[in-house]
Amino acid sequence: MLQYDNTAWNFFALAWISLYLLPSWYSIARRLYKATIGTKDADIGAVARTSDEKKKAALLKKNSKGIKTLTRGFWINLALTVLFTLLFIYLSTSIQSGGEVNSFDPFTILDVPTGSDMKIIKKAYKKMSLKWHPDKNPNNPAAEAKFMMVAKAYEALTDPIAKENFEKYGNPDGKQSLEVSIGLPSWLLDSDNRNLVLMAYLIIMVGVIPFCVWKYYSNSSKFGEKDVMYDTYSWYHHSLDDSTLMKSLPETFAGSAEFRERNMPKEASEKGQIQAILNKAKSSMQKPKYNHPILIKGNVLMHAHLLRKTDELSEQFQEDLQFMLSKSNALIDAMIAVCQHQEALKTALNCIQFGQFVTQACWNKDSTLMQLPHFGQTQISKNGNMTLKDFLEKDAKDIKFDGLTEEQKKDVLKCCDIIPRINVETKIFVDDDEDDKVYEGDLCTVQVKVTRENLADGEKAGLVHAPHFPFPKQEAWWIILGTKEGKIIDIKKVAKSEKEFTHDIKFLAPRQGTYNFDLHVLSNAYIGLDHQLPVELTTLDASVLPEYKVHPDDAELDDEPTLFEEMLNAHNVEEDSDSEDDDDSDEDGEKEEGIKELSAAERKKMEMQKKRQAAAGDDSDDDSSVEEVYAD
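Keep in mind that what you see is a predicted model, and the values were worked out from it rather than measured. (Residues numbered from 1 in each chain as written. Predicted model: local features only at pLDDT ≥ 70, side-chain atom pairs only at ≥ 80, totals over all residues. Heavy atoms only, no water.)

What follows deals with the overall build of the protein chain. Helix and strand counts for the protein chain come out as 21 helices and 8 strands. By residue count, 34% of the 632 residues in the protein chain fall in the buried class. Once local pairs closer than 6 in sequence are excluded, the contacts in the protein chain between residues at least 24 apart make up 69%. About 39,500 Å² of surface is accessible on the protein chain, with carbon and sulfur atoms providing 53% of the total. (Helix = DSSP H or I, 4+ residues; strand = E, 2+ residues; numbered from the N terminus. Buried < 20%, exposed > 50% of the residue type's maximum accessible area, 1.4 Å probe, protein only. Contact = heavy atoms within 4.5 Å. Areas by Shrake-Rupley, 256 points an atom, 1.4 Å probe, with all protein chains shown as cover.)

Another point: helix α5 (residues 118–132). Between its terminal C-alpha atoms α5 stretches 21 Å, which fits the 21 Å expected from 15 residues at 1.5 Å a residue. The complete set of buried residues in α5 reads I121, A124, M128 and S129. Axial view of α5: buried residues confined to an arc of 125°, hence all on one face. Turned more than 90 degrees away from the buried face of α5, the exposed residues are K119, K123, K126 and K127. Structurally, α5 contributes buried residues whose contacts are with α4 (106–110) and α6 (141–158). (Expected span 1.5 Å × (residues − 1). Arc of directions from axis to C-beta.)

In a soluble, globular protein the nonpolar side chains are often hidden away together inside. Counting residues in hydrophobic clusters, the biggest one holds 94 residues, and the most contacted among them are Y236, F253, F354, L372, F391, V448 and L519. When residues in this core are grouped by element, the largest group, 8 residues, is from helix α15 (residues 345–360). With near-sequence residues (within four places) excluded, L519 lies in contact with V424, T426, V448, I479, I480, L481, I505, H531, Q532, L533 and V535. Ranked by size, the runner-up nonpolar core spans 11 residues in total, among them L110, I121, V150 and L157. (Core = buried A, V, L, I, M, F, W, Y, C linked by side-chain atoms within 4.5 Å.)

Attention now goes to the sheet that holds strand β4 (residues 477–483). Here 5 strands make up an open sheet; going across it, the order is β2-β8-β7-β4-β5 and the pairing mixed. Since the sheet does not close on itself, it has two edges, and those belong to β2 (438–439) and β5 (488–494), each with one partner. Summarising the sheet, β4 and β5 pair through 6 bridges and their orientation is antiparallel. In the strand pairing of β5, G482 is matched with I488. Contacts from helix α14 (residues 328–342) reach β4 and β5 within the one sheet, and its direction differs from that of β5 by about 160°. (Pairing = 2+ DSSP bridges. Axes fitted to C-alpha atoms, helices over the stretch in contact; angles between N-to-C directions.)

Think of a sheet as strands paired side by side through backbone hydrogen bonds, with each pair either parallel or antiparallel. Spatial ordering of the open sheet is given by β1-β3-β6, a layout of 3 strands whose pairing is antiparallel. Each edge of the sheet is formed by a strand with only one pairing partner; in this case those strands are β1 (422–430) and β6 (500–508). Adjacent strand axes in the sheet meet at a mean angle of 20° when their direction is disregarded. Where strand β3 (residues 443–452) and β6 come together, 9 bridges link them in antiparallel fashion. By the bridge assignment for β6, V446 is matched with I505.

Below, the discussion takes up the environment of T36. Mapped onto the elements of the fold, T36 is located in helix α1 (residues 6–36). Between the C-alpha atoms of T36 and G66, which are 30 residues apart in sequence, the distance is 5.3 Å. A distance of 2.6 Å separates a polar side-chain atom of T36 from the backbone oxygen of L32. (Polar contact = N/O pair within 3.5 Å; in protein donor to acceptor, adjacent residues only side chain to side chain.)

To continue, consider unusual backbone geometry. Working note: non-glycine residues mostly have negative phi, and peptide bonds are mostly trans. Located in the positive-phi region is A361, a residue other than glycine, with phi close to 55°. Residue placement: A361 occurs in the loop between α15 and α16 (377–382). Judged by its relative accessible area of 1%, A361 falls in the buried class. With phi around 70°, H374 is a residue other than glycine that occupies positive phi space. Looking at the element boundaries, H374 is found in the loop between α15 and α16. The partly exposed category is assigned to H374, whose relative accessible area is 23%.

So, on to the packing of helix α12 (residues 293–306) against helix α13 (residues 315–326). Running from N to C, α12 and α13 cross one another at 85°; their axes reach a closest spacing of 10 Å. Regarding the angle of α12 to α13, the classification is roughly perpendicular. Along its contact with α12, which presents K297, G298, L301, M302 and H305, the element α13 presents F317, D320, L321, M324 and L325. Counted by class, the contact of α12 with α13 contains 6 nonpolar, 2 polar and 2 charged residues. (Parallel < 35°, antiparallel > 145°, perpendicular 65-115°, else oblique. Nonpolar A, V, L, I, M, F, W, Y, C, P; charged D, E, K, R; others polar.)

Turning our eyes to something else, we now look at the state of the cysteines. Applying the stated criterion across every chain, the model contains 0 disulfides. Looking at C351, it has no disulfide partner, and the nearest cysteine sulfur is the one in C339, 3.9 Å off. Residue C351 is classed as buried on the basis of its relative accessible area, which comes to 0%. (Disulfide = S-S within 2.5 Å.)

A few words now on empty space enclosed by the protein. It is a probe the size of a water molecule, rolled over the atoms, that shows where empty space is left. Following the criterion strictly, the structure yields 1 cavity of 30 Å³ or more and no others. Taken together, S328, N329, I332, D333, I336, C351, I352, G355, K473, W478, K493 and N524 form the lining of the largest cavity. Where the lining of the largest cavity is concerned, the elements lending two or more residues are α14 and α15. Here the element with the most residues in the lining of the largest cavity is α14; it accounts for 5 residues. Of the residues that constitute the lining of the largest cavity, the class distribution is 5 nonpolar, 4 polar and 3 charged. (1 Å grid on protein atoms, 1.4 Å probe; cavity = no way out; pocket = protein on both sides within 12 Å on 5 of 7 lines; lining within 4 Å. Points joined across faces, edges and corners; volume = space filled by probe spheres on them.)

Below, the structure written as structure tokens:
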């Protein structure tokens, strides 16, 4: 009968613990390296190109480097890894001290030097046998095992037969047979531990494992695309429609399910702080549609950011706002996806522009020149309240830097080099077509070519200049094709960083006529750089196209059976022949002469040969294409 073996269990446990320890220690070392010396400033976006970005860069270094950036999950994993490492060391020590695992060395067991004479061996045996004798160590299995090992060691050095066995097989008992046991600890079979083992089994199988599965499923089932919660998508579908205004989007954004637990006021003092900020931002806010504390707090925090009043927030409110901004990119993309589903072009444009406002910490009444560093109302009015797009076209000597230092002037010019200036070109074509005409039902392509004129050849676009947005953001462009009626044909965010890139919009050409579309190219981060171009498509009647005629050879190929059909027909013929043979064997034994039935493939082949002969003018009767099989 198989027995539970503690030594085998130790080996089994060591193997499984190693599978966890090796990747765990590697992960811990890698994350510690990244948190301390392994992360460059450019990798986390902590690059200060202007003096306005220095505060943001310092904040990114503080939040993205150092031991405090390690999450709670890291520390839990570290504690478990240390615990399992100690267990690994304990099991390894237990295996090394086990006599059955070590090679049998009688000199080591008797604690005498190798090659000692018989006098020293007998003296050591006498001493150790007295020490480990079972009578002196009652109820001590370890002492009994040690006594047996001492006796075997003495026998191996004194008895000629045992000595010969030791020299040949490494054991005084001779060649050992293979032993098979169960790699589980023997205490599981102890009657005193039955209740404990049963209870632990029930807790793990009925409690822990189902709870872990439920926890994982309940958490994962809450999130959809881009890790946005399904409740958030439902809220956006409820709040967004064709008539949604820009001023209502902060409230819609504040209602996202990701913020509901964090933005619920927990103390009465929070309500007073919210009311104080609300009084200052009320003139720039639309009247709230919902009087819920979560929505009010989130709406107020977003307006504090858009109006650049974050310095007036408490430390806790600043952390809550930073959490909201950390989710803003994915959530605004989700809002645009909902607009695409509803084909609401105007609302989608508003959502994209809302993302621009969030990135630059500006609001709808602010001048687009507020995106420039150190520019206030004085500098804006001195430059004629022009738009950012016009400002970028001006020569440096024509810019009025009233009230700015030389360093601040350099910051403005540096920012103007970073902000993209693009040129947009479009063309319409049909793939693999001989002319430029588009017919009804064609798969036509609107190709949009965007050229960043502020970049040199080979240069790539970097991070967005957004000193008031606490996270790095890569420059990208929204390309939208819509109808004059406000319906979306295609919308896509293109995040290509090359100086020149193209984007193809494919759709089926509508019925005959002339159609006018609007192409919108909008930045994901900068305000006032949007482009709108008209796109005209003229489709012709497909009936004027020459009739497509199938070549006779192609038609014949279509009629030929496929390989699968040939195999299937051959299989059916074999089954039919087998059944006919069985029927013939049941008859009087009389054999009749007959012709083999042709398969569908053979009949098709014969018909094709006849057609070719007819086409060649061959009127002769040639029966060579028909194979006749006569039975004896």
